[in-house]
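Chain by chain, the residues run as shown.
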Amino acid sequence: MGDFSRNVDVEKLISYSDDLVACLRSKRDVGSLTQCLEHSAALQSSCDSDFGEVQRLVQDYQKKIDACKQKTDEAKSEAATDEEINFLEKELEEELQREQMLREELR
């Protein structure tokens, strides 16, 4: 039984190879295959070009994102926190009270 299935596979292989040889013998088929290969090469070149452009754009956007993150971090570090603002307001109020007391003493 194993020999029979092997014979069937060999017969399919021979049939396939005969079809392939017949296909390649035809000049029209060879021309079509050549044309397909040329189109494939052109398509590959176009895809490579597009990929390069997309990759460049992604890198540009990544640089812009990094620059924005850096600016955001700088702005956060420069901005006063609520605690600092409250402390400065309290200090200002105390100075204003002292100033007012000094003015009253001078009158």
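Structure: above.
Before going into details, it helps to say that this report is about the structure given with it. Remember, predicted model here, so these are calculated numbers, not experimental data.

Criteria and cut-off values
- Residues numbered from 1 in each chain as written.
- Predicted model: local features only at pLDDT ≥ 70, side-chain atom pairs only at ≥ 80, totals over all residues.
- Heavy atoms only, no water.
- Helix = DSSP H or I, 4+ residues; strand = E, 2+ residues; numbered from the N terminus.
- Buried < 20%, exposed > 50% of the residue type's maximum accessible area, 1.4 Å probe, protein only.
- Areas by Shrake-Rupley, 256 points an atom, 1.4 Å probe, with all protein chains shown as cover.
- Salt bridge = Lys/Arg side-chain N within 4 Å of Asp/Glu carboxyl O.
- Patch = residues over 30% accessible without salt bridge, like charges linked within 9 Å, V, L, I, M, F, W, Y side chains within 5 Å.
- Lys, Arg positive; Asp, Glu negative; His and termini not counted.
- Charge placed at Lys NZ, Arg CZ, Asp CG, Glu CD.

**Observations concerning the overall build of the protein chain**
A tally of helices and strands in the protein chain yields three helices and zero strands. For the protein chain, the proportion of its 107 residues judged to be buried stands at 0%. Surface accessibility of the protein chain: about 10400 Å² in total, with carbon and sulfur atoms responsible for 56%.

**Section: the pattern of salt bridges**
Scanning the model with the defined rule gives four salt bridges in all. Two residues, Asp 60 and Arg 56, come together in a salt bridge whose shortest N-O distance is 2.9 Å. Taken together, the residues Asp 60 and Arg 56, both in helix H2 (residues 27-78) and four residues apart, mark about one turn of the helix. Here Glu 95 and Arg 98 are joined by a salt bridge, their closest N and O atoms 2.6 Å apart. On the criterion of helical spacing, the pair formed by Glu 95 and Arg 98 is a turn pair, its members being three residues apart in helix H3 (residues 82-106). Residue class for Glu 95 comes out partly exposed when judged on its relative accessible area of 41%. Taken together, the shared-partner salt bridges connect Glu 53, Arg 56 and Asp 60 into one network.

**Brief notes about a negative patch on the surface**
A grouping of Glu 89, Glu 91, Glu 93 and Glu 94 is seen on the molecular surface, where their side chains present a negatively charged patch. Within the fold, Glu 89 resides in helix H3.

**Notes on a nonpolar patch on the surface**
A grouping of Leu 13, Tyr 16, Leu 20, Leu 24, Val 30 and Leu 33 is seen on the molecular surface, where their side chains present a nonpolar patch of about 570 Å² in accessible area. Elements represented by at least two residues in the nonpolar patch include exactly helix H1 (2-25) and H2. A per-element tally of the nonpolar patch places H1 first, with four residues. For Tyr 16, a relative accessible area of 54% corresponds to the exposed category.

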